[in-house]
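Breakdown of the fold
The lines below spell out each chain.
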Amino acid sequence: MANPPRKILFVCLGNICRSPAAHTAFEAHLAKAGLAGEFTVESCGMGDWHVGELADSRMRETARRHGATITHRARHFRADDLETFDLILAMDEDNKRSLLSFAKKESQRAKIRLLREFDEDADAPLEVPDPYYGGPKEFEEVWTLVDRCTARLLSRLTATP
Ligand code: 4NP
């Protein structure tokens, strides 16, 4: 992993619920800290079904209620993302396994982590649950988790050793 990592990729399955929410929450924390120009932030999906689409309207509405606007359009993961980005944060174990299946070397494997490794309140399993077949409560839970984890992520990445 580059030290300190400045190119961050959030990854889920469809790139229309969890990872665009994490991407947007992290950018909001960066903006609040005056650090927006210092990081490259992206998100993508391991599946390609929703490429080009805006995030799920339920996720956008949940973010909006928390004062955030998700403008991302879904994109599919590419193997070269494993070189381009310094830190690649999977929302769940399936996403992490898929990412690892593309990794060709240890330096790439070392970049792949679960977002909830940065959650100080996490109980196992360290996953952001897929809300796609859920309702408003599940989407709210996703926002709460990604907002908390990305705040913690930023403080870890900017902590002075
Ligand atoms: P996400 O949620 O991975 O958080 O974007 C999903 C969105 C769509 C599908 C699965 C998960 N899907 O199967 O279309």
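Throughout what follows, the structure given in this document is the object of discussion. Note that the coordinates shown come from a computational prediction; the quantities given were computed from them, not determined experimentally. (Residues numbered from 1 in each chain as written. Predicted model: local features only at pLDDT ≥ 70, side-chain atom pairs only at ≥ 80, totals over all residues. Heavy atoms only, no water.)

**Description of the packing of aromatic side chains**
As a reminder of what qualifies: Ring geometry is summarised as follows: Phe, Tyr and Trp rings, the Trp one being its six-membered ring, pair when their centres sit within 6.5 Å, and such pairs are stacked at plane angles under 30 degrees, edge-to-face over 60 and tilted between the two. Secondary structure is summarised from DSSP: a helix means a run of H or I of at least four residues, a strand means a run of E of at least two, and numbering begins at the N terminus for each. Working definition: with a 1.4 Å probe on protein chains only, accessible area under 20% of the residue-type maximum means buried, over 50% means exposed, and in between means partly exposed.
Applying the stated rule across the entire model yields four aromatic pairs. Aromatic side chains phenylalanine 26 and phenylalanine 39 sit 5.8 Å apart centroid to centroid with 90° between the ring planes, which places their arrangement in the edge-to-face category. Note that phenylalanine 26 is positioned in helix α1 (residues 18–33) and phenylalanine 39 in the loop between α1 and β2 (40–45), a separation of 13 residues in sequence. Just as phenylalanine 26 is buried, phenylalanine 39 falls in that class too.

**Considering the packing of helix α2 (residues 57–65) against helix α6 (residues 136–158)**
Filter applied, for reference: Note on definitions: angles span 0 to 180 degrees between N-to-C directions of axes, and those axes are lines fitted to C-alpha atoms, for helices only across the stretch in contact. Geometric relationships in this document are graded by angle, where less than 35 degrees denotes roughly parallel, more than 145 denotes roughly antiparallel, 65 to 115 denotes roughly perpendicular, and other angles denote oblique. Crossings are sorted by hand: turned counterclockwise from the far helix by less than a right angle, the near helix makes the crossing left-handed, and turned clockwise it makes it right-handed. Pairs of residues are marked as contacts when any of their non-hydrogen atoms sit within 4.5 Å. Three classes are used, and their members are as follows: Ala, Val, Leu, Ile, Met, Phe, Trp, Tyr, Cys and Pro are nonpolar, Asp, Glu, Lys and Arg are charged, and the others, Gly among them, are polar.
Taken N-terminus to C-terminus, the directions of α2 and α6 make an angle of 55°; their axes are 9 Å apart at the nearest point. By the angle between their directions, the pair α2 and α6 is classed as oblique. As for the relative orientation of α2 and α6, their crossing is right-handed in sense. Here α2 contributes Arg58, Met59, Thr62, Ala63 and Arg65 to the contact with α6, which in turn contributes Phe139, Glu140, Val142 and Trp143. Grouping the amino acids of the contact of α2 with α6 by side-chain chemistry returns five nonpolar, one polar and three charged.

**Remarks on the sheet that holds β2**
What links the strands of a sheet is backbone hydrogen bonding, and the strands pair in either a parallel or an antiparallel sense. This is how the line gets drawn: Any two strands between which DSSP finds at least two bridges are classified as paired.
Within the open sheet, the four strands sit side by side as β2-β1-β3-β4. Their pairing is parallel. Edge positions in the open sheet fall to β2 and β4 (112–114), since each of these has one partner strand only. Pairwise comparison of adjacent strand axes, ignoring direction, gives a mean angle of 25° for this sheet. As defined by bridge partners, strand β1 (residues 7–12) adjoins strand β3 (residues 87–90) across four bridges and the pair is classed as parallel.

**Let's talk about the side chain of threonine 24**
Tracing the sequence through the fold places threonine 24 in helix α1. Taking the relative accessible area as the measure of exposure, threonine 24 reaches 8% and is therefore buried. With residues up to four places along the chain from it excluded, the contact list for threonine 24 reads Ala68, Thr69 and Ile70.

**Thoughts on the site of the ligand**
Convention followed: Near is defined per residue: the residue qualifies when any heavy atom it owns lies within 4 Å of the molecule or strand. Nitrogen and oxygen atoms within 3.5 Å of one another constitute a polar contact, given that in protein one can donate a hydrogen and the other can accept it, and given that sequence-neighbouring residues count only through two side-chain atoms. Using a 1.4 Å probe, accessible areas were evaluated by the Shrake-Rupley method; residue-level cover was limited to the displayed protein chains. A pocket here means an open set of points on a 1 Å grid, computed over the protein atoms alone, that has protein on both sides within 12 Å along at least five of seven lines. A cavity is instead a set of points where a 1.4 Å probe fits but cannot get out; residues with an atom within 4 Å of a point line either one. Molecules are considered to sit inside a cavity or pocket once more than half of their atoms lie within 2 Å of its grid points.
For the ligand, the full set of nearby residues is Cys12, Leu13, Gly14, Asn15, Ile16, Cys17, Arg18, His50, Asp130 and Tyr132. Here cysteine 17 contributes a backbone N or O atom positioned 2.9 Å from an oxygen atom of the ligand. Note that an oxygen atom of the ligand is positioned 2.7 Å from one of the side-chain N or O atoms of arginine 18. Alone, the ligand offers 350 Å² of accessible surface; in the complex the protein occludes 91% of this. According to the grid-proximity analysis, the pocket containing the ligand is the largest pocket. Residues of the shell around the ligand, tallied by class, amount to five nonpolar, three polar and two charged.

**Overview of the packing of α1 against α6**
Their axes nearest at 8 Å, the elements α1 and α6 cross at an angle of 45°. By the angle between their directions, the pair α1 and α6 is classed as oblique. Note on packing geometry: the crossing formed by α1 with α6 is right-handed. Contacts between α1 and α6 involve Arg18, Ala21, Ala22, Ala25, Phe26, His29, Leu30 and Ala33 from the former and Val142, Trp143, Val146, Asp147, Thr150, Ala151, Leu153, Leu154 and Leu157 from the latter. Of the residues in the contact of α1 with α6, the class split is 13 nonpolar, two polar and two charged.

**Describing the layout of surface pockets**
To keep it simple, the criterion reads: Grid points are joined across faces, edges and corners, and a volume is the space filled by probe spheres set on the points.
Of the pockets and cavities examined, the largest pocket occupies roughly 170 Å³. In this structure, the largest pocket is lined by Cys12, Leu13, Gly14, Asn15, Ile16, Cys17, Arg18, Trp49, His50, Asp130, Tyr132 and Tyr133. Considered class by class, the residues forming the lining of the largest pocket number seven nonpolar, three polar and two charged.

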